[in-house]
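Observations on chain architecture
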Amino acid sequence: MARQKVSQRLVSDQLWELLEPLIPPPPPAKNGRTGRPRVDDRAALEGILFVTENGIAWKKLPAELGFGSGITCWRRLRAWQEAGVWDKLHHAVLDQLGQDGVLDWSRASLDSVSGPSKKGGELTGPNPTDRGKLGTKYHLLVTADGLPLAVAITGANRHDSMLVEPILNGLAPVKGRGRGRPRRRPGKLHADKAYDNRRVRRYLRRRGITARIARIGVNSSERLGRYRWVVERTIAWLLAFRRLAVRYDRSAVTITAVATLAITIICARRLARKDY
């Protein structure tokens, strides 16, 4: 019963249909020996999502849920990350949303949030807002209606403005309705005063993106959230995945996979809401 509820909530048929063709084939048997039966890929995905959502340790994934062991799910998560599966899946979901006319590219918002990294590891740094404790920062770019286009991960001490170019340059072309050209940049970018510097503004002007960035010492905070509230809402959705809210994974491969999967699920929920 528990497995059925998790499956209905997170692993929709639409998401599985997009993911299944992207999964690399299992490794060949060695010396004709296959060992134990391989855990079904969809069951492993459900296990990965269960851990991601609930924030439990991989080793504590309940066997009675039928997802296989937590270590098996962890290995599958990392193997698929190294094969580029999670990035491809996120892009496939964005393509589907774009073709359905759901993505609003007229404006985008960029912001970040920091969280504690209990065990340290890669992509961590001293958090200046948490007495210098080790932390991780998630940088999130969303559309006008809050659908995440990209997430980047750094140490908590990394300045927000340093991620503008890498995030926007890394956007893959996303299909839209009709036969027009795929989109890979928003019309406007909204951001707070942390992004107010000449380098960022020059870059946006060069890319043909209108800067809507609050100016230090000029703009009042009363109007700053008129468009940017959507990214704050999406950040709340992101941190609802407890494996991200408090980080225990030391590896950059693992935490990047979990974050990419989380934003993919956020986007895929819009597909589910549209169809049902």
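Residues numbered from 1 in each chain as written. Predicted model: local features only at pLDDT ≥ 70, side-chain atom pairs only at ≥ 80, totals over all residues. Heavy atoms only, no water.

Points about the confidence of the model for the chain
Should pLDDT be low for a region, the predicted coordinates there are not to be read in detail. Selection criterion: The predictor's confidence in any single residue is recorded as pLDDT, a number from 0 to 100. Note on definitions: a residue-residue contact is assigned when non-hydrogen atoms from the two residues lie within 4.5 Å.
Of the residues in the chain, 90% reach a pLDDT of 70 or more, and the chain-wide mean stands at 90. Counting interchain partners and residues more than four positions distant, the pLDDT-below-50 stretch residues 1–8 has 13 contacts.

Some words on the packing of aromatic side chains
Note the threshold: Here a pair means two rings of Phe, Tyr or Trp (six-membered ring of Trp) with centres within 6.5 Å. Their orientation is stacked below 30 degrees between planes, edge-to-face above 60, and tilted elsewhere. What counts as a helix is a DSSP run of H or I of at least four residues, what counts as a strand is a run of E of at least two, and both are numbered from the N terminus. Charge-over-ring contacts are defined here by two conditions on Lys NZ or Arg CZ: a distance within 6 Å of the ring centre and an angle within 35 degrees of the ring normal.
Across all of its chains, the model carries two aromatic pairs by this definition. Between Phe-50 and Phe-67, the ring centres sit 6.1 Å apart and the planes meet at 50 degrees, which makes this aromatic pair tilted. Of the two residues, Phe-50 sits in helix 3 (residues 41–54) while Phe-67 sits in the loop between helix 3 and helix 4 (70–82), which places them 17 residues apart along the sequence. Here Arg-107 stacks its cationic end above the ring of Tyr-227, 4.0 Å away from the centre of that ring.

Regarding the side chain of Asp-249
Condition: Under the rule applied, a polar contact is a pair of N or O atoms within 3.5 Å (in protein, one hydrogen donor and one hydrogen acceptor; residues adjacent in sequence only if both atoms are side-chain atoms).
One can find Asp-249 in the loop between helix 9 (242–245) and helix 10 (252–275). Within the structure, Asp-249 has its side chain in polar contact with the side chain of Trp-58 (distance 3.2 Å). Within polar-contact distance, the side chain of Asp-249 engages the side chain of Arg-243 at 3.0 Å. Setting aside residues up to four positions removed in sequence, Asp-249 forms contacts with Trp-58, Gly-120, Arg-243 and Thr-254.

Quick word on the pattern of salt bridges
Note the cut-off: By convention in these notes, a salt bridge is any Lys or Arg side-chain nitrogen within 4 Å of a carboxyl oxygen on Asp or Glu. Residue burial is assigned from relative accessible area. The probe radius is 1.4 Å, only protein chains are included, and a residue is buried under 20% of its type maximum, exposed over 50%, and partly exposed in between.
Applying the stated criterion across every chain yields a total of eight salt bridges. Note that Arg-38 and Asp-41 form a salt bridge whose closest N and O atoms lie 3.5 Å from each other. In this structure Arg-38 comes out as partly exposed when scored by relative accessible area, which is 43%. In this structure, Asp-196 engages Arg-201 in a salt bridge whose closest nitrogen and oxygen atoms are separated by 3.0 Å. With respect to class, Asp-196 is no different from Arg-201; both count as buried. Linked through salt bridges whose partners overlap, the residues forming this network are Arg-38, Asp-41 and Arg-76.

Notes on the pairing of strand 6 (residues 210–213)
We count it as follows: Paired strands are those between which DSSP finds at least two bridges. The handedness of a crossover follows from its direction of travel: if, with the strands pointing away from the viewer, the path from the first strand over the helix to the second runs clockwise, the crossover is right-handed.
Of the pairings in the sheet, the one linking strand 5 (residues 188–191) to strand 6 comprises four bridges and is parallel in character. Each bridged residue has a counterpart across the sheet, and for Leu-189 the counterpart in strand 6 is Ala-211. Regarding the hand of the β-α-β motif, the stretch spanning strand 5, helix 7 (residues 198–207) and strand 6 is right-handed.

Regarding the pairing of strand 1 (residues 108–116)
Consecutive side chains of a regular strand alternate in pointing toward one face of the sheet and then the other. Burial runs high along strand 1: seven of the nine residues are buried. Pairing analysis gives two bridges linking strand 1 to strand 5, with the strands arranged parallel. Looking at strand 5, one finds that Ser-109 is bridged to His-190. Sheet analysis places strand 1 next to strand 3 (residues 134–142), joined by eight bridges and oriented antiparallel. Directly across from Ser-112, in strand 3, lies its bridge partner His-139.

A word on the side chain of His-190
With respect to the helices and strands, His-190 occurs in strand 5. Of note is the side chain of His-190, whose polar atom sits 2.7 Å from the side chain of Arg-107. Apart from the residues within four sequence positions on either side, His-190 is in contact with Arg-107, Ala-108, Ser-109, Leu-110, Arg-212, Tyr-227 and Arg-228.

Some words on the packing of helix 3 against helix 4
Defined as follows: Think of each axis as a best-fit line through the C-alpha atoms, taken over the contacting stretch in the case of a helix, with angles from 0 to 180 degrees between the N-to-C directions. Angle categories: roughly parallel below 35 degrees, roughly antiparallel above 145, roughly perpendicular from 65 to 115, and oblique for all the rest. Charged means Asp, Glu, Lys or Arg here, nonpolar means Ala, Val, Leu, Ile, Met, Phe, Trp, Tyr, Cys or Pro, and polar covers whatever is left, Gly included.
In the contact formed by helix 3 and helix 4, the axes pass within 9 Å of each other and the chain directions differ by 100 degrees. For the element pair helix 3 / helix 4, the angle class is roughly perpendicular. On the side of helix 3, the interface is formed by Asp-41, Ala-44, Gly-47 and Ile-48, while helix 4 contributes Cys-73, Arg-76, Leu-77 and Trp-80. Of the residues that constitute the contact of helix 3 with helix 4, the class distribution is five nonpolar, one polar and two charged.

Here's the deal with the environment of Lys-118
With respect to the secondary-structure elements, Lys-118 resides in the loop between strand 1 and strand 2 (125–126). Judged by its relative accessible area of 57%, Lys-118 is exposed. A sequence separation of 132 residues divides Lys-118 from Arg-250, and the C-alpha atoms of the two residues are 8.9 Å apart. Once residues lying within four places of it in the same chain are set aside, the contact partners of Lys-118 are Val-246, Arg-247 and Tyr-248.

Some points on the environment of Gly-135
In this structure, Gly-135 sits in strand 3. Each C-alpha atom, one on Gly-135 and one on Ala-152, is 14 Å from the other, the two residues being 17 residues apart in sequence. Setting aside its immediate chain neighbours within four residues, Gly-135 contacts Gly-115, Pro-116, Ser-117, Leu-123, Thr-124, Gly-125, Gly-155 and Ala-156.

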